[in-house]
Amino acid sequence: MSETTEHSQTESSTPKLILPDIPGFKNIETYLKHGGYGDRLKKVFSMTPVAVTDEVKKSNLRGRGGAAFPTGLKWSFMPKDNARKRYLLINGDESEPGSFKDRQIFEFNPHQIIEGMLIASYAMQVDHAYLYIRGEYAYWYRLMEKAVADAYAKGFIGEKMKEMFPASGDGVSYSVDITLHKGAGAYIVGEESALMNSLEGGRGYPRVKPPFPANVGLWGQPTTINNVETIANVPIIMEMGGEAFSKIGEPKHPGTLLLGLSGHVNRPGVYELPSGTLLTDVIYKYGGGVPGNKKIKMVIPGGSSMPPLRGDSLEGVKMDAESLKLVGSSIGTGGIMVMDEDTDIIHVLTRIAKFYWHESCGQCTPCREGTGWLLKVLRRIDQGQGAPSDIDLLHDVAQNIEGRTICALGEAAAWPVKFTVQRFREEFEKKVSTNNVPSSPNRVHSLRVGGLEPVQVHVPIVVRV
Ligand SMILES: Cc1cc2nc3c(=O)[nH]c(=O)nc-3n(C[C@H](O)[C@H](O)[C@H](O)COP(=O)(O)O)c2cc1C
Ligand code: SF4
């Protein structure tokens, strides 16, 4: 696999905090040469743990795992007493369709993940830190294994940290161990409580909340769960200071975002851009526009579970949590899926519904049964056998899943259907009135539904920052 990065369409002022344009940055020597670990960690370990958390609070960093929850605030939920063991769990399950950004950090900047884990562990006085990587990422797992081994050998992780960073005065030197864990191929274990069950060796079932992980997490102990991209931002915050970080991009959701661009664009890939970048700039300026200069029919801005936007409503839409909320969608994982004017929206939605039906863990009835209903009705419409009443039926089923489940996979399954019906109703009406199949020449190259021949899936592997 090539390690080359392409940067041709990047403005020089665009900050590259997570995927810097430095050849060989994944190697520990190069990382050290550019300020990683050494003095930066010394500075962090000379601060109090509370001061480190305060710096992250000041930065306004928000989680990149989907919910955009404030990271410093989350860290401050950990109990203040040290009576129980405490854990940090970094979520590298990355299974949301349209999302492929964490793997670029594994590949191009693994040490920033490790350093972020060390800083977070210190801030929360964690006893043991885990990095959970999805099983399908075997290549990236091996890269992380090497990075962790190299950091251990240099004394940046584990017992040797005490010699590397001796405490000043009467202070106690801090050390923490990091363990990697490989998943077994389930989307649902990306949900934080299922992630904990999976790491503990159990079935990947989400837990009922409350209690929340900060009180009852791994093995019943206080635990903080953060996404890979979130944690990779932490060394940068400690380097530049929380206030400076808070001024990058949109103040309510600052920093850069790794935006995964896929679908009908000329240059798919991962783009590191300041939050608040115009969605149209991501698609046209960085992504090179739509093949054949076709119009856009639909864009899903944050991974397949997020509400889709109409192609004629993209003007002025910015890529950050608050701006997307204003237009009835969500930043999610920043996975932008573009579909041109020829796309068969119903076919796409059927494929998405199949994914969530397949990945439902089955614990709660609205999700287990509802996802099956959604798929059944959608397939009926997709195959030219839908009735006009099916459109409202779809919407009703989606409404009855939402808010009635143990975890947010319920919403992940319901939202795409509910909002596609609301925003593209004319497509459904046309389809059920003509009941022809296939309805459109372009059923999206990378999507397939049972019964159709498998086609080559286009996986963008080039990093463009
Ligand atoms: C069904 C489902 C799947 C999820 N998958 C992931 C995932 O693959 N990676 C991730 O970081 N967060 C995922 N999340 C969100 C996590 O539950 C959790 O909010 C996140 O890891 C917290 O990290 P952050 O605060 O840094 O964003 C998922 C949530 C749900 C409901
Ligand atoms: S919402 Fe779905 S995935 Fe989540 S616990 Fe219920 S059945 Fe399982």
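Things to note about the site of ligand 2
Step number 1: Around ligand 2 sit 14 residues, and of these Cys 361, Cys 364, Cys 367, Thr 405 and Cys 407 come closest.
Step number 2: Contributing elements (two or more residues each) for the shell around ligand 2: helix H15 (365-382) and helix H17 (409-423).
Step number 3: Here the residues of the shell around ligand 2 are counted per class, giving 8 nonpolar, 5 polar and 1 charged.

Quick word on the nonpolar core
Step number 1: Leu 89, Met 117, Val 282, Ala 353 and Leu 374 are the most contacted members of the largest nonpolar core, which has 124 residues in total.
Step number 2: A total of 9 residues in this core trace back to one element, the largest contributor, which is helix H14 (residues 345-359).
Step number 3: Leaving out residues up to four positions away in the same chain, Ala 353 has contacts with Thr 371, Leu 374, Leu 375, Leu 378, Ala 413 and Val 417.

Re the domain arrangement of the protein chain
Step number 1: Taken domain by domain, the protein chain holds domain 1 (5-10 + 20-246), domain 2 (256-340) and domain 3 (345-450).
Step number 2: Each of domain 1 and domain 2 was reduced to a C-alpha centroid, and the two centroids are 27 Å apart.
Step number 3: Taken together, the 12 residues of domain 1 in the interface contact 17 residues of domain 2.
Step number 4: Class assignment for the residues of the side of domain 1 that touches domain 2 results in 3 nonpolar, 5 polar and 4 charged.

Brief notes about the environment of Thr 256
Step number 1: Checked against the element boundaries, Thr 256 lands in strand S6 (residues 256-263).
Step number 2: What makes Thr 256 buried here is the crowd of 24 C-beta atoms within 10 Å.
Step number 3: Thr 256 sits 224 residues away from Leu 32 along the chain, and the two C-alpha atoms are 22 Å apart.
Step number 4: Setting aside anything within four residues of it in sequence, one finds Thr 256 in contact with Pro 15, Leu 17, Ile 18, Ile 248, Gly 249, Glu 272, Leu 273, Pro 274 and Ser 275.

Regarding the pairing of strand S3 (residues 128-133)
Step number 1: Most of S3 is tucked away: 5 of the 6 residues are buried.
Step number 2: With 6 bridges connecting them, strand S2 (residues 87-92) and S3 associate as parallel partners. Looking across to S3, one finds that Tyr 87 is bridged to His 128.
Step number 3: Where S3 and strand S4 (residues 177-182) come together, 6 bridges link them in parallel fashion. Across the sheet, residue Tyr 132 finds its bridge partner in S4, namely His 181.

Parameters and conventions
- Residues numbered from 1 in each chain as written.
- Chains lettered and ligands numbered in written order.
- Predicted model: local features only at pLDDT ≥ 70, side-chain atom pairs only at ≥ 80, totals over all residues.
- Near = placed C-beta within 6 Å.
- Helix = DSSP H or I, 4+ residues; strand = E, 2+ residues; numbered from the N terminus.
- Nonpolar A, V, L, I, M, F, W, Y, C, P; charged D, E, K, R; others polar.
- Core = buried A, V, L, I, M, F, W, Y, C linked by C-beta atoms within 7 Å.
- Buried ≥ 20, exposed ≤ 12 C-beta atoms within 10 Å, placed from the backbone.
- Contact = placed C-beta atoms within 7 Å.
- Domains from an automatic or database assignment.
- Pairing = 2+ DSSP bridges.

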